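# Structural overview
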Amino acid sequence: MIYKTNEYLGYPDRISVPAGEQVKFHLSSKRPRVKVEVLRLRCGDVDANGPGFKYEIMASSIDGEHACLDQPIRPGSNAIIEHDGVLVPAGAHWTFGAYVYPTRIADNARAVMGNWCQGSGRGYALELDEDGRPALVIGRAEGGPVRFVLDVKMRERVWAFMSCALDLAAASATVSLIVPADGVRPAAAHSQSFTLPQGLDVDSGLPFLIAAHHLNGDRQYAAHFDGKIEAPRIFSRQLDAEEFRVVDRDLRTGAPQAGLVALWDFSDGISTLSVKDISPNCLHGSLHQLPRRGVTGFYWSGAVHDFRLSPREYAAIHFHSDDIYDCQWQTTCVLDVPDEWRSGVYALRLTPAGGDPDSLCESYVTFFVTPGKRSRRADLVVVASVGTYLAYANSALRLYQVHFETLMEHVLWLPLDDVFMQENPEIGQSTYDCHVDGSGRAYSSWLRPILNMRPRGYWFNLINDTHILDWLEEKGIAYDLITDVELDREGARALAPYRAMMTPTHPEYFSFNMMNAIMAYQNAGGRHISMGGNAFYWRCGFHPAAPAALEVRRGMAGTRTWESEPGEVHLAGTGEPGSLWRHSGFAPQKLVGVGFSAMINDTCGHYLRTAESEDGRVAFIFEGTSRHERLGDFGFRYNGAVGSEIDRYDLELGAPRHALRIATSEGLGAGALPTPEEFRTVVDGLDGTQNALVRADMVFFETANGGAVFATGSITYGMSLGHNNYDNNISTITLNVVNRFLDPRPFVMPAGA
């Protein structure tokens, strides 16, 4: 049965909300009305071959029908400067321009700077035409706008300086392009003058924009520029193109440049969403839809790779026509979450209203309810992996990665969500995907519809995680749920009320605060049950000025689908190196004893106990199982508890010396391949049939103050819990661990640990 899952789309204003507080929902549909229900999910997997789709309908204040608007998504980033008419050409001369580095020359014009309004035909702007030629567009009171084009084509990914000098007294305009020398390429300069018509209308009455022009007067934008822009500037005096290009950005105190109207220094405030004008007019601006900062500029020397060390070398902003941070939809309904609601994974179920008989139209908007101020706390807390959900949000790898079928070793199939994304790219993709200019996507936000973080969506990550919640419910284990957003915002305080914590199948993306919070919790006596694989792998961060956005830089190593440009590894929001935690001296092994080892693209495997499993310290884990039985040679969807992505024990990477490797994987095949950082050169024998490093390890160790850690080292471990009606050795082992970790008796670190 095929459901229409995208007839209604939506997102919450906050991804997690404590009981007793409020969350707003922003919905859109071509259907004028929507029926809303609130579900608490136990298992979000609709596949009938598994545990089944399980949920509880929660009575709420928003139950019933609501009016629903058809709300568009308008991607594309730019800078906005309010100016009260100061940036309208006046006097005899007006000279404006910027360094530009186009990364995509498209089949229509792309604006660089100006106040031009497409709808009214008023204003002025400097832009690139569809062939990449610099152009001046300028409005007239009558007869429509005029466009003057310099007949020189720019090249993609080459820095150049574009400018235009208006001589309003002489009714002339000069458009110039200077391409500075680079490598063996000599400098080049081009210039062309044009006669201006009478009756110019250069005042659109709207804000000044950088990297876009106005579509209309309603704060809607078009002609978004794909590429970097640096040091846009305006003077109200005559300057030739080269003199204008080399204007010193470091103005001396008390000696401003004559005729300087505005000069925006993008090296100032890289970690913000503001752009600073260093002219006496202080025409500061704001950024729309989160373009990328912390990128190399025209003056980058290659001597530094951290923008904090030499901001001047990072005085550019990379704008994209498909940047999306916030859809900015109107609010459809507001939920006051009752104090008594249990924490957990929740979703709005959206179906047709009234007499609409379309029973196959059903969509969901996921959010998380966390314990409120009046909530009674359980002893166990599950930490949902929102960072990872965002990193993979609307992943389109199956559509655009040419190696996908080879990687997965099966024929490509496209669910309807993939078709929808292909037809509606404005919804934005994941941090595994690329912008239309080929550069990797560094940001992902929850302020937009996320198609693969909901029931009836793609089953990776969140849906897999709900199998663990289903098992906890089946075994009658009381638990709370928070998200790693709370770890990022509150640190170890978010975990302090709990005796034990559990991380689910794939907690891959972790910020500095999240990692430190868990380490502090473990060292204070907390118990950590790590149920997944490829865990604590990428160092990332939520952007301080755009808190709904996760920022990811891909570094120069790790399993990745794109690679950061040289010099652009550091997160613009925090300045941290956005690479693997392993390369920051905090490998996952240091936290939970195991770290990412390999991807499994074919047959999944199982565990066999090791000699270390006979140590009395871990006898409790294997109660109810036999010494030599296969552990997890079964599992829903994957057919094995060792699969998808797996982690291994490694003393050199920080696994505690007293940690016990109590089980290790068996049965992996040629499709089990190591992660790139696991080998230094390409040789034969890398796959799972021959490489001893390609394995999943199950690990246990004690921590200070009575704490302990248990790690499974495999994404698919949790998908084996429900096998045989929850009666199996993986379920037995996990229940033993949970019961002992909830027991207040302290664990004791062995002597010499």
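Everything in this summary refers to the structure shown in the same document. Throughout, residues of each chain are indexed from 1 in the direction in which the sequence is written. Given that this is a predicted model, residues contribute local features only at a pLDDT of at least 70 and side-chain atom pairs are listed and counted only at 80 or more, while totals for whole chains, interfaces and linings are drawn from all residues. Side-chain calculation: all heavy atoms of the structure are included, whereas hydrogens and water are not.

### Re the overall build of the protein
Strands here are runs of E lasting at least two residues and helices are runs of H or I lasting at least four, both read from the DSSP assignment and numbered beginning at the N terminus. Helix and strand content of the protein: 11 helices and 43 strands. We take the radius of gyration over the C-alpha atoms and set the globule estimate at 2.2 Å times the residue count to the 0.38 power. A compact globule built from 753 residues should have a C-alpha radius of gyration of about 27 Å, and the protein, at 29 Å, falls within 12% of that. If you line up the protein on its principal axes, its C-alpha atoms span 95 × 65 × 50 Å. Counting every position in the protein, which comprises 753 residues, the buried fraction comes to 62%. Should any heavy atoms of two residues lie within 4.5 Å, those residues are counted as being in contact. Once local pairs closer than 6 in sequence are excluded, the contacts in the protein between residues at least 24 apart make up 73%. A 1.4 Å probe and the Shrake-Rupley method give the accessible areas. Residues count as covered only by the protein chains that appear here. Carbon and sulfur atoms make up 49% of the accessible area of the protein, which amounts to about 27,600 Å² in all. Summary of the burial criterion: residues with accessible area below 20% of their type's maximum are buried, those above 50% are exposed, and those between are partly exposed, where the area comes from a 1.4 Å probe applied to protein chains only.

### Looking at helix α6 (residues 462–474)
By this rule, a helix spans an expected 1.5 Å times one less than how many residues it contains. Spanning 13 residues, α6 covers 19 Å between terminal C-alpha atoms, matching the ideal 18 Å at 1.5 Å per step. Of all 13 residues in α6, 11 are buried, a share of seventy percent or more. Leu-462, Ile-463, Asn-464, Asp-465, Thr-466, His-467, Ile-468, Leu-469, Asp-470, Trp-471 and Leu-472 are the residues of α6 that are buried. Looking one or two places after α6, you find Gly-476, whose phi comes out positive at around 70 degrees.

### Observations regarding the sheet that holds strand β3 (residues 22–29)
Strand pairing in a sheet is mediated by backbone hydrogen bonds. Such pairs are either parallel or antiparallel. Pairing within the open sheet is antiparallel, and its three strands lie in the order β1-β3-β25. The sheet is open, and its two borders are formed by β1 (8–12) and β25 (333–336), each paired with just one other strand. Mean inter-strand twist for the sheet, computed between neighbouring axes without regard to direction, equals 25 degrees. Whether two strands pair depends on DSSP finding at least two bridges between them. The pairing of β1 with β3 spans five bridges and is classified as antiparallel. For Tyr-11, the partnering residue across the bridge sits in β3 and is His-26. Interaxial angles span 0 to 180 degrees and are taken between N-to-C directions of axes, which are lines fitted to C-alpha atoms, for helices over the stretch in contact.

### A look at the pairing of strand β7 (residues 78–81)
Side-chain alternation along β7 places Asn-78 and Ile-80 on one buried face and Ala-79 and Ile-81 on a second face that is also buried. As defined by bridge partners, β7 adjoins strand β16 (residues 208–210) across three bridges and the pair is classed as antiparallel. Residue Ile-80 lies in a different strand from β16, and its bridge partner there is Leu-209.

### Thoughts on the pairing of strand β33 (residues 527–530)
Here β33 shows no split at all, with Arg-527 and Ile-529 on one side and His-528 and Ser-530 on the other all buried. Bridge count between strand β31 (residues 500–503) and β33: four bridges; the pairing is parallel. Opposite Ala-500, over in β33, you have Arg-527 as the bridge partner.

### Here we look at the state of the cysteines
We call a pair of cysteine sulfur atoms a disulfide whenever their separation is within 2.5 Å. Taken as a whole and judged by the stated rule, the model has zero disulfides. Of the cysteine sulfurs around Cys-327, a residue in no disulfide, the closest is that of Cys-68, at 13 Å. In this structure Cys-540 is not part of a disulfide, and its nearest cysteine sulfur, from Cys-434, lies 18 Å away. Among the residues examined, Cys-540 registers a relative accessible area of 0% and is labelled buried.

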